[in-house]
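Summary of structural features
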Amino acid sequence: MKREYVYQAFERFWHWAQAALITLLGVTGFEIHGSLKFFGFRQAVEIHNFAAITFLILISFAIFWHLTSGVWRQYVPTTGNVKAQIDYYITGIFRGAPHPTKKTVLSKLNPLQKLVYAGLKVLVIPIVVTSGLIYMFYRYPQQYEIISLNIKGLSVVAVIHTFGAFLLAAFFVMHVYLTTTGSTPTANLKAMVTGFEDLPDEDHETPHTARNERKPELVN
Ligand code: HEM
């Protein structure tokens, strides 16, 4: 095992800010939807709007950081080992089997994480953001006359937005559980707080333990 600096400062800030904002957007969103009672409807709408704008600003910085640091390459899905990773989570983990893939600084995500995170980044989050913006600018045509949208109704947009919110909520629950499956139950959590994690030595790598067929290169 070797102590490595796995998560850079911006990456950790982005991760926790995103987690807080999605939680706030989820709680206020489901209050607007009528499933929860917490802030009161009016305040829930105000907080949801404010958190949504903050989320958009965070997304802009995160896109810039992923592109300039080269870390975006780590999210490109690979075909190998996806089934091995699913089998590990369903049965292997309960038999004490070894992780089918090995985490390294340049390849932090296992094949299943790559697939799910890439799906969130290019599909689920864009759908929630786009439907949310349509929702926002349709709801207040008097306020934003120049950019208000001329669509018949919000029912389809609301269903799409809520569906995306359900996917994010389901991801959140699975994600929190899976963070406990590192070398110790809190190893992954501590790594995302401090940036450091104990990783297996590189030279013990076998063809089946490599996370990537081709290792991505980081610019910095
Ligand atoms: C930039 C991102 C987002 C924008 C612009 C946005 C915008 C909006 C707007 C304008 C509304 C309607 C508020 C009203 O009735 O006045 C809404 C509702 C809602 N939002 Fe978001 N939102 C965003 C992200 C999210 C996220 C990440 C979640 C969940 C994790 C979420 C969950 C919901 C839910 C469940 C509703 C209620 C839908 C309904 O029943 O009609 N939103 N959102």
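Keep in mind that this is a model prediction, so the values were computed, not measured. (Residues numbered from 1 in each chain as written. Predicted model: local features only at pLDDT ≥ 70, side-chain atom pairs only at ≥ 80, totals over all residues. Heavy atoms only, no water.)

Description of the packing of aromatic side chains
Overall, the coordinates contain 8 aromatic pairs when judged by the stated rule. Look at F10 and F13: their rings are 6.1 Å apart centre to centre, the planes differ by 50°, and that puts the pair in the tilted class. On the criterion of helical spacing, the pair formed by F10 and F13 is a turn pair, its members being 3 residues apart in helix α1 (residues 9-33). Ring geometry for F38 versus F39: centroids 4.9 Å apart, planes at 85°, classification edge-to-face. Judged by relative accessible area, which is 63%, F38 ranks as exposed. With relative accessibility at 27%, the residue F39 sits in the partly exposed group. Members of the aromatic cluster, joined through ring pairs, are F10, F13 and W65. When the ring centre of Y75 is taken as reference, the NZ or CZ atom of K121 above it lies at 4.0 Å. (Phe/Tyr/Trp six-rings, centres within 6.5 Å; stacked < 30°, edge-to-face > 60°. Helix = DSSP H or I, 4+ residues; strand = E, 2+ residues; numbered from the N terminus. Buried < 20%, exposed > 50% of the residue type's maximum accessible area, 1.4 Å probe, protein only. Lys NZ or Arg CZ within 6 Å of the ring centre and 35° of its normal.)

Concerning the coordination of the iron atom of the ligand
Coordination of the iron atom of the ligand by the protein involves H48 (NE2) and H161 (NE2), with metal-donor separations of 2.0 Å. Because the angles between the 6 donor atoms bound to the iron atom of the ligand fall within 86 to 179°, the donor set is best described as octahedral. Within this pair, whereas H48 is found in helix α2 (residues 41-69), its partner H161 is found in helix α5 (residues 155-178), the two being separated by 113 residues in sequence. Note on H48: relative accessible area 15%, which makes it buried. (Donors = N, O, S within 2.8 Å, 3.2 Å for Na, K, Ca; no water. Tetrahedral: all angles 85-135°; square planar, octahedral: opposite > 155°, others 65-115°.)

Observations regarding the nonpolar core
Ranked by internal contacts, the top residues of the largest apolar core, which has 23 residues, are F55, Y75, I125 and L168. Elements with a minimum of two residues in this core: α1, α2 and α4 (111-139). Discounting residues that sit within four places of it in the chain, I125 has contacts with Q18, F55, I59, L120 and L168. Formed by 5 residues, the second largest nonpolar core is a distinct cluster that contains V6, A191, M192 and L199. (Core = buried A, V, L, I, M, F, W, Y, C linked by side-chain atoms within 4.5 Å. Contact = heavy atoms within 4.5 Å.)

Some remarks on the confidence of the model for the chain
Within the chain, residue pLDDT values average 87, and 85% of them lie at 70 or more. Per-element confidence in the chain ranges from a low mean pLDDT of 91 for helix α3 (residues 82-95) to a high of 98 for α1. For the stretch residues 205-220, pLDDT sits under 50, and the model shows 42 contacts to residues farther than four places along the chain or on other chains. (pLDDT = per-residue confidence, 0-100.)

A closer look at a nonpolar patch on the surface
A contiguous nonpolar patch, built from V122, L123, I127, V156 and I160 and spanning about 460 Å² of accessible area, is present on the exposed surface. Listed by contribution, the elements that provide at least two residues to the nonpolar patch are α4 and α5. Among the elements that line the nonpolar patch, the one with the most residues is α4, at 3 residues. If you trace the backbone, I127 turns up in helix α4. (Patch = residues over 30% accessible without salt bridge, like charges linked within 9 Å, V, L, I, M, F, W, Y side chains within 5 Å. Areas by Shrake-Rupley, 256 points an atom, 1.4 Å probe, with all protein chains shown as cover. Salt bridge = Lys/Arg side-chain N within 4 Å of Asp/Glu carboxyl O.)

Some words on α3
Helix length check: α3, at 14 residues, gives a terminal C-alpha distance of 19 Å against a target of 20 Å (1.5 Å per residue), a fit within 8%. When the local axis directions of α3 are compared, the greatest deviation, roughly 55°, occurs at Y88. G96 lies just past α3 and shows a positive phi near 75°. (Expected span 1.5 Å × (residues − 1). Bend = angle between axes of the 7 residues up to and from the residue.)

So, the packing of α1 against α5
Packing of α1 against α5 leaves a shortest axis separation of 11 Å and a crossing angle of 130°. Between α1 and α5, the crossing angle belongs to the class labelled oblique. Between α1 and α5 lies a crossing whose hand is left-handed. Across from H15, A19, I22, T23, F30 and H33 in α1, the residues of α5 making contact are T162, A165, F166, L168, F172 and H175. (Axes fitted to C-alpha atoms, helices over the stretch in contact; angles between N-to-C directions. Parallel < 35°, antiparallel > 145°, perpendicular 65-115°, else oblique. Left-handed = near helix turned anticlockwise from the far one by under 90°.)

A word on the pairing of strand β2 (residues 196-199)
The side-chain alternation of β2 yields one buried face, formed by E197 and L199, and one unburied face, formed by F196 and D198. Strand direction decides the pairing type here: strand β1 (residues 2-5) and β2, joined by 4 bridges, are antiparallel. Directly across from Y5, in β2, lies its bridge partner F196. (Pairing = 2+ DSSP bridges.)

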